[in-house]
Each structure stands twice: as C-alpha cells, then as structure tokens.
Amino acid sequence: MTERLKPALLVAAATVLSGALLPPGETQAAEARPVIRLGPDLSGRLIDADGRSAYGLFLAGRSAFARGQAGVAADYLAAARTLAADQTRLADQAFTAALLSGDMTLAAATAPTAETAPPVLVEAGRLARAVEALARGRARAAHASLAAEPIGAPHARAGALLAPWAAALAGDWTAALAEPTVTDPRTLVFLRYSRAQLLERRGRHAEAEAAWVALVRDTPNAALFRADYGAFLERRGRRDEAREVYAAAGAPAGRAPEGLARLDARGRPPALVDLRAGAAAALMAAATAAVADQAGEFAVAYLQMALTLDNDDALRLRLGQTLAQVERRAAAREVFAAIGPERPGLYAPARLGIAFSLEADGDLEGAVREARAALNVAPHDAGAAYALAALLLQAEDPGGALDLLTGPLLNAPVQAAEVRFLRGAAYESLGRIPEAEAELWAAHQAAPEDATILNYLGYMWVDRGLRVEQGAEMIARAFAAEPENGNIQDSLGWAQYRQGLYEEAVETLEAAVAKEPANAEINGHLGDAYWKVGRRREAGFQWARVLTLDPDADERAAAEAKLAIGLDAFEAAQAEPAGATTTTAAAALEP
C-alpha cells in the first residue's frame, strides 16, 4: 500500500483513540521491577548489592524510562537518589518516573521542594502528595494542604478541580459546595458540574436541579451534561422528564441512548457518584484539558493520579490512549492489555489501541491480530470493522478489507466519506478501477475539500493516464491545503512529470524527497525525472537508493530494471503486452 493511503489508517486510529499485562505476542519484556539493595563497599562508598554506582543506576533508570518502563525507571532512579542524595537531577528524575508510572507512594516520598526544583515539579509534587493522602484515607490532611496553599501553575487547573472533592471527603461541605470563582472557562464549567453532583450528594436537591438546568442551558457545553441531568431526574423518580432530556441529547451524547434503553427496560437509575470516583473524574477532566493544551505528559500524570483514587478501566483506557498520543507506545500497550473482555465496550477500543501502537512500531501482523480480537468481542462495532479494514489494506490484503467494507456494518445506506474512500482504495488495489473510481468520486463528493481523497483519486487518474489534467488539478488543490505533506508534493511532481513538465517535476520532487527522504516511491520518481532532463548519473543514484529503502516487490523490480537498461528501454518494455514486457525485462536483467 502506498503512503497515500496512510491517512486512512490515521483516521481509523483517531476514531478509536479519541473517545498491566503485555498483550499476546508482545516482544518487549514485562515490567519486572528490580530489587535494589544498598550497602557500603570496602572504601565506605554506598553501592547496591550488585556493585552499581549512583551514576550506573541513573543510566539504567533513564534507559528503562525511554523504553516506556516507568515503574522500573522509578525504582532505579529512587535507588540512585538514595546513593547520591545531594544530586538534584537524580531526585527530580526519580520523582518524575514515579509520577508517570503511577507510583504515588514513591512520588509523594520523592516530591521535590521549592529550593531544589522548578515550579512544574514542585506543584506536581504537592498535587501528588494530596492525591496519595486521599488514597490512604487522610482526606483532612489533603484538604488542609490544598486549602492553605492552592496548587499553583502549571498545575493550578488540576488542583482547583480536585479541591472541592477533597473538601467533601474531609467533611467540609461548606468549602465543597462553595460557588466557583475561577475565570478560566474550561475549569469553571467542570467546577459547576462537580458542584451539581456534590449538591445532590449532600441532599440539596432543589439547588442541585438548578445547577443541572443551568449547565444544560449553557449552549456550548449543554450536550456534555444532558445524560447526567437525565440520571438525576431518574433518581428523583421523574422518569418521563428524564426521557425527554435523553431524547433531546441524542445519540452523539454517548450515554443518552443507554438512559433511554434503561427507561424502556424499567431498570434502576444510575447510582450517585462516589466521592473518590468524583475526585478521579475531576483529575480526568484536568487530563482532557491538558491534552487540548498539548501537554500530554501532564495528562499522563493526572490520569495516573486518577487511577490511584479509582481503579476503573474507563480511566485506564483513557490513560492508554494518552500514552499512545505522546508516543509512549510500549507503556500504552501495557495499560491497554490490563483491560479484560468482561467489559466489551472498553475491551474493544483497548485492543484497537494495542493494534495501532503495534502498527506504528512496524508489527503489522500483530496489529491485524489485535484488531480482529476487538471485532470478535464487539461484532456490531462499525468503528472496529473500519479499523480492521484499514489495517488489512495496509497489510496488502485488499480482499479481506473489501469483505468488511462491503459487509452490512460499513455498507450502510448512509456512509461516511472515509468508508467510501477506503473501499475505493481496496478496489484500486484489486485492479477494479471503474469501481474504485465510483467509490472515490462518491467520497470526494461527500468531502470535496478533503486533501487525502483529492490526492488519492488525483494520483490514481494521473498515474494510470486516465484523466491526467483533472487529476493534476485535484492534486494541486490537495497540495494547497497541505503544503508540508511530502506525499502530496510527490503526487504533484508526478503529475507534472506525466504532463511532460520535467524541469518543474524535478524541482517539486526534490522538495518532496527532502520531506520524505526514506520513501522509496518518491526517490524513484525523482530518479525518473532526473533521467528525463538528462541528469542520468543522478537518476542512477536515486534508483540505487530506492533499493536501500525497503521497497516493495514492484518498486524493487522497477529500480533494478532501470539501473540495468535505463528508463527509455524500461518504459518501452512496460508499453509492450504483459507477456512481452515480462520477457523483455527479464532478458535485460539476465547476465
């Protein structure tokens, strides 16, 4: 599959990833925590039982952290810190590793002070100590700490969101139910949401309802809270009103359909929020805001804190997704793999999370296996079917992909442009060009400005000599939308080449190679363009380079033939009937 199809896989990954055992077949060793024993050597210098120094332990910890084994890293770095207590860098890294691995006890114990570390670590340490105190049942200490000195930047939002729940756990309902005074709109809306929950928890139902009504009337955020308001009405015995709220929320609100189904089955209303679970949800909200602010490591820390308070698989799924977003894929797989099949709604996206992380690490076979596991446990999940189809297409199994794409889950009366695009790509891979054109054109009609669709359809037309002018125009539009995309720039250069604009093609393809230097197809295109403008030595260099870039079978055969007989003879051979082409090319390569 060419790189032009890669965005389809990214769409599939984004679909799954936006909403601790290692998985079967995983090659990385499980996170075995080392046993660190300390003692003096003959000179009185502290070493561990294996004779390792503080610097050696530091290097081992840093290496483990780079592999995604934050727990192992935390142990090594904590031991190194014990050996060299005066080394600020060791102390800071030991704390960071403990925090990101979810070891709040170690994080609280190694939290830096204002004299030795920057505010980003000092405030994270204060937050970690508060969470660890809540987890150990010392809510009054946590509340007193947060009340006496609120958590400061850059973790002020997380501290503000946690504070009312810490107050409620400590029994200080005056502080827990105080009207929020923050000015940040995202923090304010979640604090209002927390206050509505806490008012109901305290039995102040009229005030709670007023708070819920205010939230669902807040137009920009109303959809976020309708399902919770419906659950409140259910608990108050107002089932008809709850049904109206759920119906107004609609399917996109996620839990609203569950509420309607529950009402139809005359099921029990959802339970009131548990205070520790509410505190964990507050930290998850802080993580969501951190992701939006592109502070992924902060989000990981907040989610580890949330899991310390509420060992829930929904939080674990979010943690895995966030780890994947910050490219800590081994750690993400470990988190995803801890989610069992007893919760299919979480297990399926967890297995897909593993699948996409394996694909990103080059294990396409493992990725397909995990995507199949997801679909097996959630056979009616169209998202899982789409993800598996995308992976099968990348694994050069267009027939398997097409079976899914033409099946009842994805071949629905109303289809997204992404589904039609993927189906068109599968048809094109199978050589069924008229069907590919029909699907890709339908995808283009549904999403006329989508650069991926413009580029794919335009390139297919240009490369096959079908509608070269129209295809070139579509590619130009795609490149105007994404000028930094090397694959689209390659398509533009190849369109210029097909139109006989060889000098322009050279300039465009040189820029594309600069952006995607390891792409075999783009390097091959540049070699062809060099040949056409008389730069034949450079053409040979590019074709030789193709052979070093893990080309597919067709790319390898073409590069070898061009090196042996030149582009002119190769193109002449390609123009002959299929049997003659094979004979001519084979003869040319014979010694």
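Bear in mind the structure is a predicted one, so any value in this text is a computation, not a measurement.

What counts and what doesn't
Residues numbered from 1 in each chain as written. Predicted model: local features only at pLDDT ≥ 70, side-chain atom pairs only at ≥ 80, totals over all residues. Heavy atoms only, no water. pLDDT = per-residue confidence, 0-100. Contact = heavy atoms within 4.5 Å. Axes fitted to C-alpha atoms, helices over the stretch in contact; angles between N-to-C directions. Helix = DSSP H or I, 4+ residues; strand = E, 2+ residues; numbered from the N terminus. Parallel < 35°, antiparallel > 145°, perpendicular 65-115°, else oblique. Left-handed = near helix turned anticlockwise from the far one by under 90°. Nonpolar A, V, L, I, M, F, W, Y, C, P; charged D, E, K, R; others polar. Expected span 1.5 Å × (residues − 1). Buried < 20%, exposed > 50% of the residue type's maximum accessible area, 1.4 Å probe, protein only. Salt bridge = Lys/Arg side-chain N within 4 Å of Asp/Glu carboxyl O. Core = buried A, V, L, I, M, F, W, Y, C linked by side-chain atoms within 4.5 Å. Phe/Tyr/Trp six-rings, centres within 6.5 Å; stacked < 30°, edge-to-face > 60°.

A. Local environment of the confidence of the model for the chain. The pLDDT averaged across the chain works out to 85; a share of 81% of its residues lies at or above 70. Contacts from residues 14-48, a stretch scored under 50 in pLDDT, to residues over four places away or in other chains number 78 contacts.

B. Focus on the packing of helix 15 (residues 275-292) against helix 17 (residues 313-325). Two elements in contact, helix 15 and helix 17, have axes separated by 12 Å at closest approach and are oriented at 20 degrees. In this view, helix 15 runs roughly parallel relative to helix 17, as classed from their interaxial angle. Relative to helix 17, helix 15 is oriented so that their crossing is left-handed. Facing helix 15, whose interface residues are Ala-280, Met-284, Thr-288 and Val-291, helix 17 presents Leu-315, Arg-318, Thr-322 and Gln-325. Within the contact of helix 15 with helix 17, the residues separate by chemical class into four nonpolar, three polar and one charged.

C. Main features of helix 8 (residues 156-169). Between the first and last C-alpha of helix 8 there are 20 Å, a value that for 14 residues agrees with the 20 Å anticipated at 1.5 Å per step. When helix 8 is considered as a whole, its buried residues turn out to be Ala-158, Gly-159, Leu-161, Leu-162, Pro-164, Trp-165, Ala-166, Ala-167 and Ala-168. One or two steps after helix 8, the chain reaches Gly-171, where phi turns positive at roughly 85 degrees.

D. Summary view of the pattern of salt bridges. Across all of its chains, the model carries 31 salt bridges by this definition. The partner of Asp-312 in a salt bridge is Arg-343, and the shortest N-O contact between them spans 3.4 Å. Here Asp-312, found in the loop between helix 16 (296-309) and helix 17, pairs with Arg-343, found in the loop between helix 18 (329-337) and helix 19 (344-360); they are 31 residues apart in sequence, far enough to count as distant. Given a relative accessible area of 22%, Asp-312 falls into the partly exposed group. For Arg-343, a relative accessible area of 35% translates into the label partly exposed. Between Arg-432 and Glu-435 there is a salt bridge; the shortest N-O distance is 2.7 Å. Residue Glu-435 is classed as partly exposed on the basis of its relative accessible area, which comes to 32%. Each of Arg-157, Asp-184, Arg-186 and Asp-293 takes part in one network of salt bridges that share partners.

E. Spatial organisation of the nonpolar core. Counting 166 residues, the largest nonpolar core has Leu-99 and Leu-162 as its most contacted members. The element that contributes the greatest number of residues to this core is helix 21 (residues 382-394), accounting for 10 residues.

F. View of the packing of aromatic side chains. Evaluated as defined, the whole model comprises 10 aromatic pairs. Considering the side-chain rings of Phe-298 and Tyr-302, the 6.4 Å spacing of their centres and the 50 degrees angle between planes classify their relative orientation as tilted. You can see Phe-298 and its partner Tyr-302 sitting in helix 16, four residues apart, about one turn around the helix. Taking relative accessible area as the criterion, Phe-298 reaches 24% and is therefore assigned partly exposed. Pairing Trp-494 with Tyr-497 gives two aromatic rings, centres 4.4 Å apart and planes at 10 degrees, and the pair type is stacked.

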